[in-house]
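# Geometric and topological summary
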Amino acid sequence: MKIVTAAIVQDNGRYLIARRKLGEKLAGLWEFPGGKVEVGESLPECLRREIMEELGVNSDVGEVLAESHYRYEHGEILLVALKATLESKALRLAVHDRVEWLTPDELLGLDLAPADIPIARYLLEQSNDD
C-alpha cells in the first residue's frame, strides 16, 4: 500500500482543490494537491516537496487532519490529509489544469478522485460543527 499526502489549504472558509490535467493518472478528477511519500521521507517533508513540484510554491505543513483508505485499479493507497499554508497564491501548475477555492459543500459537488471524497466529507462535517 502506498502512502500519499494531501494538502488541506484553507483561506477564508474556502479550500484549495485542483483538477488533474489530461495525460495524468485520474485525469479530469479533482483532488487535494499532494503525492506519494518517498523512502525515508516524513509526511510533512513529502507534502512540502509535492506542493513545490505541483504548484511551484513553498509551504508550511502542520498536523494530520484526516485519512482515507482506497483501492484503485492501479493499487491501494492511504491518503493522509495534512493542514498546509502556502507562502504565495501565485501558483504554477504542473500536473493540474485548474485550481479553485471552494467551500466544503461546493467540494462535494465536484467530480472528486475517490480517495479524496472522505476528506471533503470530513471538511464539511468540521464546518458544520463551527
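Thresholds applied
Residues numbered from 1 in each chain as written. Predicted model: local features only at pLDDT ≥ 70, side-chain atom pairs only at ≥ 80, totals over all residues. Heavy atoms only, no water. Helix = DSSP H or I, 4+ residues; strand = E, 2+ residues; numbered from the N terminus. Buried < 20%, exposed > 50% of the residue type's maximum accessible area, 1.4 Å probe, protein only. Phe/Tyr/Trp six-rings, centres within 6.5 Å; stacked < 30°, edge-to-face > 60°. Lys NZ or Arg CZ within 6 Å of the ring centre and 35° of its normal.

## Observations regarding unusual backbone geometry
Positive phi is not limited to glycine here, since N12 has a value of about 50°. The residue N12 is located in the loop between strand 1 (2-11) and strand 2 (14-20) in this model. Classification of N12 by relative accessible area gives exposed; the value is 74%. Residues other than glycine seldom take positive phi values, yet L26 does so here, at roughly 60°. Its place among the elements puts L26 in the loop between strand 2 and strand 3 (30-31). Judged by its relative accessible area of 26%, L26 falls in the partly exposed class.

## Comments concerning the packing of aromatic side chains
Geometrically, a pair of aromatic rings is defined through the distance of the ring centres and the angle of the planes. Per the stated rule, a full pass over the model turns up one aromatic pair. Where Y70 meets Y72, the ring centres are 4.6 Å apart and the plane angle is 65°; that geometry is what we call edge-to-face. Accessibility expressed as a relative area gives 30% for Y70, which makes it partly exposed. For Y72, a relative accessible area of 11% gives the class buried. Over the aromatic face of W101 sits the side chain of K89, whose NZ or CZ is 5.1 Å from the ring centroid.

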